[in-house]
Amino acid sequence: MAAQILDGKKIALQIREEVAVQVQKFYEIKRVQPKLVAILVGDDPASAVYVRNKELACKKAGIAGEVIRLPHQTTQIELLAKICELNDEDTCHGILVQLPLPAHIDTRTVLDAVAPEKDVDCFSPVNVGLMSQGRPRFLPCTPHGVQQLLGRCGIDVQGKHVVVIGRSDIVGKPTAMILALPTGPFGKSNANATVTICHSQTQDLASVTRNADIVIAAIGKARFVTAEMIKPGACVIDVGMNQTPEGLCGDVDFDRVSQVASAITPVPGGVGPLTIAMLLRNTLIAAETQTN
Ligand code: GUN
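Residues numbered from 1 in each chain as written. Predicted model: local features only at pLDDT ≥ 70, side-chain atom pairs only at ≥ 80, totals over all residues. Heavy atoms only, no water.

1. Topic: the overall build of the chain
What counts is decided by this rule: Comment: elements are numbered from the N terminus, with helices defined as DSSP H or I runs of at least four residues and strands as E runs of at least two. The globule rule used here is 2.2 Å times the number of residues to the 0.38 power, and the radius of gyration it is set against is calculated over C-alpha atoms. Per-residue accessibility, obtained with a 1.4 Å probe over protein chains only, is compared with the maximum for each type, and a residue is labelled buried under 20%, exposed over 50%, and partly exposed between these values. Between two residues, a contact is recorded if the distance between any of their heavy atoms is within 4.5 Å. Only four residue types enter the charge count, namely Lys and Arg as positive and Asp and Glu as negative; His and the chain termini do not. To locate a charge, take atom NZ for lysine, CZ for arginine, CG for aspartate or CD for glutamate.
Along its length, the chain carries 10 helices and 11 strands. Compactness check: the chain gives a C-alpha radius of gyration of 19 Å against a globular reference of 19 Å for 292 residues, within 12% of the reference. Dimensions of the chain, computed from the C-alpha atoms along their principal axes, are close to 50 × 45 × 35 Å. Put simply, the chain has 292 residues, and 49% of those count as buried. Long-range pairs, those at least 24 residues apart, make up 72% of the contacts in the chain with a sequence separation of at least 6. Taking the 28 positively charged and 29 negatively charged side chains of the chain as two groups, their mean positions are separated by 5 Å.

What follows is the structure, given as structure tokens:
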């Protein structure tokens, strides 16, 4: 039987509407409009689209969204100066530096310069540390989106074997972390999973993934996860966004895996929209915590 398709677009819209209501309430009480500033360096076309989508989503949620577009040849010192300026700017609550940055800029140095209380991506070591101790200031947007998507589709991870393929700082590691924590974020929990992280050096990957109740693919290789790697009835979450000659494609061979899995996310329209929804939520949290 074909798998249930998990509609990330629909769930993201629900969350965006919830955030919009909370933003309005916050404004009525505090007379402060949350503001997100995104910095885009260079002219990577995919990044330009992502940043534009974030700007539009802010507007729809009642959040002020500004994009600072800097030329490719911007120096690291100039970029750091811009971040310092925003760190000190009271009307800016969230700062997002769109990745990837041009090769002449050290990404770690730049991300570390963002004030932790404005780090709505949850990339700062302070925020990653707080998250790992189960007392998050923010949750990273894509991992939190995965958690929300699963929870809101009625897929409880509690006690289940979740296999995360990929160990990136943006997706793999934090996704594994938040699903394994003893309590879920912000109220209703979808946590307490038994998590295995797989990566390029994992031996006999398929034997590990075939044991999983839930597989989360975050590798960055088109159609890497095949039907043979999935236990019949498992749930498959595809975080991949790969540009191929045939168009945008996930890390999962959707056509074949959807014949084996019980539930699966499509690409596009799966996890992607959740990332923006959770970014809006983090921007509201940033504004709340920075407002007396
Ligand atoms: N580039 C791809 N994904 C992301 C993300 O989640 N945050 C930022 N800042 N850049 C990205």
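2. Things to note about helix H2 (residues 45-61)
Test applied: Helix span is expected to be 1.5 Å times the residue number reduced by one. By definition, the arc is the one covered by directions from the helix axis to the C-beta atoms.
For H2, built from 17 residues, the straight-helix expectation of 24 Å at 1.5 Å per residue is met to within 8% by its first-to-last C-alpha distance of 25 Å. Along H2, the residues that are buried comprise Ser47, Val51, Lys54, Ala57, Cys58 and Ala61. The arc that holds every buried residue of H2, seen down its axis, measures 120 degrees, which confines them to one face. Residues of H2 that are exposed and point more than 90 degrees away from the buried face comprise Pro45, Lys59 and Lys60. Where the residues of H2 are buried, they touch helix H1 (8-30), strand S2 (35-41), strand S3 (64-70), strand S4 (94-97) and helix H10 (272-290). Count one or two residues on from H2 and you reach Gly62, which has phi positive near 80 degrees.

3. Topic: the pairing of strand S7 (residues 214-217)
The two faces of the sheet receive side chains in turn, since in a regular strand these alternate between them. Put simply, the rule reads: Pairs of strands are assigned from DSSP output, requiring at least two bridges between the strands.
The side-chain alternation of S7 yields two buried faces, one formed by Ile214 and Ile216 and the other by Val215 and Ala217. When strand S5 (residues 161-165) meets S7, the two strands line up parallel, connected through 4 bridges. Bridge pairing in S7 links Ile165 to Ala217.

4. Let's talk about the sheet that holds S4
Here is the rule: Helix axes use the C-alpha atoms of the stretch in contact, all axes being lines fitted to C-alpha atoms, and the angles between their N-to-C directions lie in the range 0 to 180 degrees.
If you trace the 3 strands from one edge of the open sheet to the other, you get S3-S2-S4, paired in parallel fashion. Bordering the open sheet on either side are S3 and S4, each of which pairs with just one other strand. The sheet shows a mean angle of 20 degrees between the axes of neighbouring strands, taken without regard to direction. Bridging between S2 and S4 involves 4 bridges; their strand directions are parallel. Paired with Ile39 across the strands is Val97, a residue of S4.

5. Some points on the site of the ligand
Put simply, the rule is: The criterion for a residue being near a molecule or strand is simple. One of its heavy atoms has to lie within 4 Å of it. Whenever a nitrogen or oxygen atom comes within 3.5 Å of another N or O atom, the pair is scored as a polar contact, on the condition that within protein one atom can donate a hydrogen and the other can accept it, and that pairs from neighbouring residues in sequence are kept only if both atoms are in side chains. The residue classification treats Ala, Val, Leu, Ile, Met, Phe, Trp, Tyr, Cys and Pro as nonpolar and Asp, Glu, Lys and Arg as charged. All others, Gly included, are polar.
Residues in close proximity to the ligand include Leu96, Val97, Gln98, Leu99, Asp121 and Phe123, which together make up its full environment. Gln98 is positioned with one of its side-chain polar atoms (N or O) 3.3 Å from a nitrogen atom of the ligand. Within the side chain of Asp121, an N or O atom sits 2.7 Å from a nitrogen atom of the ligand. Across the shell around the ligand, the residue classes break down as 4 nonpolar, 1 polar and 1 charged.

Remember, this is a structural readout, not a statement about activity or role.
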